[in-house]
Amino acid sequence: MKNLSKKLTLTLWATTLSSLPVIAHEGDDPLLTRVMIDQFEWRDGDDEADPYVLEAQGWIGKDLHKLWIKTDVERVDGETEEAEIQALYSRAIAPFWDVQLGVRQDLKPTPEREWGVIGIQGLAPYFFEIDAALFVGDSGDTAARLSAEYEWMLTQKVVLSPEVSMNFYGQNDMHRQTGSGLADAQAGLRLRYEIRREFAPYIGVNWTKSFGNTADFVREHGEPTSDTQWVAGVRAWF
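Residues numbered from 1 in each chain as written. Predicted model: local features only at pLDDT ≥ 70, side-chain atom pairs only at ≥ 80, totals over all residues. Heavy atoms only, no water.

Enquirer: Can you explain the pairing of strand E6 (residues 113-124)? Please cite residues and give values.
Expert: Across ten bridges, strand E5 (residues 97-108) lies against E6 in antiparallel orientation. For Gly102, the partnering residue across the bridge sits in E6 and is Val117. Counted along the chain from E5 to the antiparallel partner E6, the turn is four residues long. Where E6 lies against strand E7 (residues 128-137), ten bridges are found, and the strand directions are antiparallel. (Pairing = 2+ DSSP bridges. Helix = DSSP H or I, 4+ residues; strand = E, 2+ residues; numbered from the N terminus.)

Structure follows, in structure tokens:
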């Protein structure tokens, strides 16, 4: 009888322990990497300039702590018109949300600019991807950026992706043709076909517009304050 009771007790303990959640140890948090090419595209606009655009980001790190690299490049007629790179320390503060601190370097247009960065990136309710950042320049200048994107799965392979991005500045900068307040906004709609989850060509339309003092600077240089562009490109990650 005693042996039977002992066996029942051991069985009960084994059943209870097997139902408990697995506790992750430090060895279960490996070093991971990812590179994401969000946009690599050609744009056909209203004017004669048809730019090529690259927007990409990547990270290396563990579950809570990561190093992020973000870049944004635009080339027209073989010349780099805009080039920006960010290096950020990212810390998870909630499920699907990271706070980010680091530096941003504007390589083009000249003169170059350096900024400190504090931002937040993550997945908002209803699956909106949000990337918001505040920038403080080495001379005390300030700027801010807000981007949002949504992915609408039409089928298992066809995805419609609307997105919007806005740039704000705390002061006028005639060298870069940017004015205080809301400087410019960009809205796009891209339809992609995922040959694989990691590789998807797409087509779409992209609209840009300058506002306020930025629009005045743009007009003084004889350039349009808004443009609608047809786009074709590739989205990938690995």
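Enquirer: Mind laying out the packing of aromatic side chains, listing which residues take part and the relevant values?
Expert: Applying the stated criterion across every chain, the model contains two aromatic pairs. Ring centres of Trp115 and Phe135 lie 6.4 Å apart, and the angle between their planes is 70°; this geometry places the pair in the edge-to-face category. Of this pair, Trp115 sits in strand E6 while Phe135 sits in strand E7, and the two are 20 residues apart along the sequence. The burial state of Trp115 is the same as that of Phe135; both residues are buried. Ring geometry for Phe128 and Tyr150: centres 5.0 Å apart, planes at 40°, overall tilted. Here Phe128, found in strand E7, pairs with Tyr150, found in the loop between strand E8 (142-149) and strand E9 (152-153); they are 22 residues apart in sequence, far enough to count as distant. Lying over the aromatic face of Trp68, Lys70 brings its terminal NZ or CZ to 5.8 Å of the ring centre. Sitting above the plane of the Phe211 ring, Lys209 keeps its charged end 5.8 Å from the centroid. (Phe/Tyr/Trp six-rings, centres within 6.5 Å; stacked < 30°, edge-to-face > 60°. Buried < 20%, exposed > 50% of the residue type's maximum accessible area, 1.4 Å probe, protein only. Lys NZ or Arg CZ within 6 Å of the ring centre and 35° of its normal.)

Enquirer: Which residues make up the pairing of strand E12 (residues 199-210), and what values do they have?
Expert: Taken residue by residue, a regular strand's side chains alternate between the two faces of the sheet. With nine bridges joining them, strand E11 (residues 181-193) and E12 adopt antiparallel strand pairing. If you follow Ala187 over to E12, its bridge partner there is Trp207. Between E11 and E12, which follow one another and run antiparallel, lie five residues. Relative to strand E13 (residues 226-237), E12 runs antiparallel, the two sharing eleven bridges. The residue of E13 that forms the bridge with Trp207 is Thr228.

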